[in-house]
Amino acid sequence: MSNKEIKAFTQKLEAGLKLAEKRMLEEKALRNETVVVSTGGGEIQYIPAKEVLAKF
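This is a predicted model, so every value here is computed, not measured.

Participant: Whenever I open this one, the pairing of strand β1 (residues 34-38) confuses me. Can you help?
Facilitator: Successive residues of a regular strand alternate their side chains across the two faces of the sheet. The sheet contact formed by β1 and strand β2 (residues 44-48) spans 5 bridges and is antiparallel. Of the residues in β2, the one forming a bridge with Ser-38 is Ile-44. Here β1 folds back onto β2 in antiparallel fashion, the turn holding 5 residues, of which Gly-42 has a positive phi close to 90°.

Participant: I would appreciate a short explanation of helix α1 (residues 3-30) in the present structure.
Facilitator: In an α-helix, one turn spans 3.6 residues; hence positions three or four apart end up facing the same way. Taking 1.5 Å per residue as the helical rise, α1 with its 28 residues ought to reach 40 Å, and the 41 Å between its terminal C-alpha atoms agrees with that figure. The first or second residue beyond α1 is Asn-32, which carries a positive phi of 55°.

Participant: Looking at this model, I keep getting lost on unusual backbone geometry. Mind explaining?
Facilitator: Phi at Asn-32 takes a positive value of approximately 55°, unusual for a residue other than glycine. Within the secondary structure layout, Asn-32 lies in the loop between α1 and β1. Taking relative accessible area as the criterion, Asn-32 reaches 58% and is therefore assigned exposed.

Participant: Whenever I open this one, the environment of Gln-11 confuses me. Can you help?
Facilitator: By the secondary structure assignment, Gln-11 is in helix α1. Taking C-alpha positions, Gln-11 is 21 Å from Leu-25, a pair spaced 14 residues apart along the chain.

Participant: Sorry if this is basic, but what is going on with the packing of aromatic side chains here?
Facilitator: We describe a pair of aromatic rings using the distance from one ring centre to the other and the angle between the two ring planes. For the structure shown, the criterion picks out 0 aromatic pairs. Of note, Lys-18 hangs over the ring of Phe-56, and the distance from its end group to the ring centre comes to 6.0 Å.

What counts, and where the lines are drawn
- Numbering of residues begins from 1 in every chain and follows the order in which that chain's sequence is written.
- It should be noted that, the model being predicted, local features are given only for residues of pLDDT at least 70 and side-chain atom pairs only at 80 or more, the latter also being counted only at that level, while totals for whole chains, interfaces and linings use all residues.
- As a rule here, side-chain values cover all heavy atoms of the structure and leave hydrogens and water aside.
- By definition, two strands form a pair when at least two bridges between them are found by DSSP.
- A run of DSSP states H or I qualifies as a helix once it reaches four residues; a run of E qualifies as a strand once it reaches two. Both are numbered from the N-terminal end.
- Expected helix span is taken as 1.5 Å per residue step, with the number of steps being one fewer than the number of residues.
- Only protein chains enter the area calculation, which uses a 1.4 Å probe; residues under 20% of their type maximum are buried, those over 50% are exposed, and those in between are partly exposed.
- We call Phe, Tyr and Trp rings a pair once their centres come within 6.5 Å, taking the six-membered ring for Trp, and we label the pair stacked below 30 degrees between planes, edge-to-face above 60, and tilted otherwise.
- Only Lys NZ and Arg CZ are tested; either one counts as a charge over a ring when it is within 6 Å of the ring centre and within 35 degrees of the ring normal.

Here's what the structure looks like:
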């Protein structure tokens, strides 16, 4: 694969992952579920999916 092909593949992969994350958050928000998030300091937080989706 050339560098151009690798870059195009990486961009498509990142776009697909972002779309999957958004859909997951939307589903969780509809069910009033929480999302587990880790902060940089190793702290674990449970945040409502609606809040995460609003910041997305």
